[in-house]
Amino acid sequence: MSGTEELSAAFRGRFGTEPACYRAPGRVNLIGEHTDYNDGFVMPAAIEYEARVAAAPRRDTRVRLVSRNTGDSTEFDLADPDPRPRKDWSDYARGTALMLERAGYAISGADIMLDSSVPIGSGLSSSAAFEVVIGYALLSLAGIAVDTVELAKLGQKAENEFVGMRCGIMDQFISANGAVGHALMIDCRSLETRKVPIDSRARIVVANSMVHHAHAGGEYNKRRVSCEQGVALLAPALETDIKALRDVTPEMLEAHKALLPEETYRRCRHIVTENVRVLNAAEALAKGNLGAFGALMDASHLSMRDDYEISCAEIDRLVEIARVQPGVFGSRMTGGGFGGSTVSLVAAEAVEDFTSATRDAYFAATGHRAEVFACSPQAGVGPLAC
Ligand code: ADP
Ligand code: MG
């Protein structure tokens, strides 16, 4: 049985009705970290790991949800006049349903079984895949055509306002709008996208460090506060109107460096230089200049490590290990940080050796068994045959 057949069989066993199935992918971000909530640029790709659901509508307003990954089940009622976060996994689903309702979508109750291959808390965005697939399923079951950009915005709103994680739009956007064979360069202010083809001479290789440090969510939100503080301190001194760090160039920041506390300055420097790196990276890929793209990935990692301080010892180790392997163009941490995964751009013929050498060297250095795998960009959310 395929994974989806097994899921739909398990659904029938549990709920006794015939489901429809849907999928939404996790993602890897090639470059542009923490720039999304600064109205800046990012370049993610949807990957093979995905959240799948089997789901059937109900006649009432109850939503019953089971996760095959954790074995947990939960239930909520769409008619509840005052839904409160429970501070557990159900908040992602409850929040998404709530934002759909607040946006005016007439969704109804449903039985849903979730099975996700996106590793949880590994920087590959299991949470966005979960939100996007739930939103897509609830809309589809109600016979509503899905606007995938709107769906991404509502998933982000759920995570911001209901879960309490102040993430940007990147994860939900790429899970909802991924393109086969392409990364997407996204302007997170206008939500305009440019498809960036991945050169066939290279592969995107993800290495999951298998470590995730506590308090990552709190640190994430703190970084947002630093960026907002930077904008508030710089705005009065600048001639042009600035709304976000997106509007600040590296030159402007250097000229007004004295206005900022040292740490805030470094946080802002990561964002303003990262935005430039994303734009340059898109140019490099368009010209087939993999070496230039890789050098920008390397620079991005140093900026995350030293200026934004969102890396950790294990991730730095993985990046160091990757960089000295033959055929590697560049390597960096990917995702929110404090553990999770790295992404490397590797010459196609070198991938096999890269994968085993990286695993071995990382195990020797840390005692952790990294999962290392090459991925190909996938399509965004959609229906699946059950
Ligand atoms: P990630 O980097 O994977 O997005 P997050 O901390 O943002 O990490 O989200 C992980 C959380 O999302 C989990 O702690 C859980 O609450 C929820 N989640 C994601 N996938 C599943 C799943 N398959 N089953 C249950 N909960 C899930
Ligand atoms: Mg997440």
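Here the structure is a predicted model, which is why all the values come from computation and not from measurement.

Reading the values: the criteria
Residues numbered from 1 in each chain as written. Chains lettered and ligands numbered in written order. Predicted model: local features only at pLDDT ≥ 70, side-chain atom pairs only at ≥ 80, totals over all residues. Heavy atoms only, no water. Buried < 20%, exposed > 50% of the residue type's maximum accessible area, 1.4 Å probe, protein only. Helix = DSSP H or I, 4+ residues; strand = E, 2+ residues; numbered from the N terminus. Pairing = 2+ DSSP bridges. Polar contact = N/O pair within 3.5 Å; in protein donor to acceptor, adjacent residues only side chain to side chain. Contact = heavy atoms within 4.5 Å. Near = heavy atom within 4 Å. Areas by Shrake-Rupley, 256 points an atom, 1.4 Å probe, with all protein chains shown as cover. 1 Å grid on protein atoms, 1.4 Å probe; cavity = no way out; pocket = protein on both sides within 12 Å on 5 of 7 lines; lining within 4 Å. Sits in = over half its atoms within 2 Å of the grid points. Nonpolar A, V, L, I, M, F, W, Y, C, P; charged D, E, K, R; others polar. Domains from an automatic or database assignment. Buried area = accessible area lost by both parts, 1.4 Å probe. Salt bridge = Lys/Arg side-chain N within 4 Å of Asp/Glu carboxyl O. Core = buried A, V, L, I, M, F, W, Y, C linked by side-chain atoms within 4.5 Å.

K.L.:
Give a detailed account of the pairing of strand β10 (residues 328–334), specifying residues and quantitative values.
P.N.:
Successive side chains on a regular strand alternate, one facing one side of the sheet and the next facing the other. Counting buried positions along β10 gives six out of seven residues, so the element sits mostly inside the fold. Alignment of β10 against strand β11 (residues 339–347), held across six bridges, turns out to be antiparallel. Counted as the bridge partner of S331 is S344 from β11. Connecting β10 to the antiparallel partner β11 that follows it, the hairpin turn spans four residues, and G335 within it adopts a positive phi of roughly 95 degrees.

K.L.:
Give a description of the side chain of R266 that names residues and reports values.
P.N.:
When you line up the elements, R266 lands in helix α8 (residues 262–286). At 3.0 Å, the side chain of R266 forms a polar contact with the side chain of E309. Discounting residues that sit within four places of it in the chain, R266 has contacts with D306, D307 and E309.

K.L.:
Give a description of the site of ligand 1 that names residues and reports values.
P.N.:
Around ligand 1, 16 residues are found, and the nearest of them are S67, N69, G121, S126 and S127. Residue N69 places a side-chain N or O atom 2.8 Å away from a nitrogen atom belonging to ligand 1. At 3.0 Å, a side-chain N or O of S127 approaches an oxygen atom of ligand 1. For ligand 1, the accessible surface in isolation is 570 Å², of which the surrounding protein chains cover 80%. Here ligand 1 occupies the largest pocket. Looking at the shell around ligand 1, the elements that each hand over two or more residues are β6 (110–116) and α3 (126–141). In terms of residue count, α3 provides more of the shell around ligand 1 than any other element does, three residues in total. Class assignment for the residues of the shell around ligand 1 results in six nonpolar, ten polar and no charged.

K.L.:
Give a detailed account of the domain arrangement of the protein chain, specifying residues and quantitative values.
P.N.:
It is common to report an interface's size as the accessible area lost on association of the parts. Here the domain parsing of the protein chain yields domain 1 (3–196 + 379–384) and domain 2 (198–375). Between domain 1 and domain 2, the C-alpha centre-to-centre distance is 25 Å. Contacts between the two partners involve 37 residues from domain 1 and, on the opposite side, 47 residues from domain 2. Of the roughly 3400 Å² buried between domain 1 and domain 2 on both sides combined, carbon and sulfur atoms contribute 59%. Counting the contacts that link domain 1 with domain 2 gives five salt bridges. Our enumeration of links across domain 1 and domain 2 arrives at 25 residue pairs in polar contact (both at pLDDT 80 or more). Looking at the side of domain 1 that touches domain 2, the elements that each hand over two or more residues are β1 (20–29), β2 (41–42), β3 (44–57), β7 (182–187) and β8 (193–197). In terms of residue class, the side of domain 1 that touches domain 2 is made up of 16 nonpolar, twelve polar and nine charged.

K.L.:
Go over the nonpolar core, please, and point to the residues and values.
P.N.:
Residues M43, I112, I134 and F293 are the most contacted members of the largest nonpolar core, which totals 75 residues. At nine residues, the largest contribution of residues to this core is made by α3. Here this core gathers at least three residues from each of two domains, domain 1 (3–196 + 379–384) and domain 2 (198–375). Counting residues in hydrophobic clusters, the runner-up holds 39 residues, among them Y220, L234, I271 and L318.

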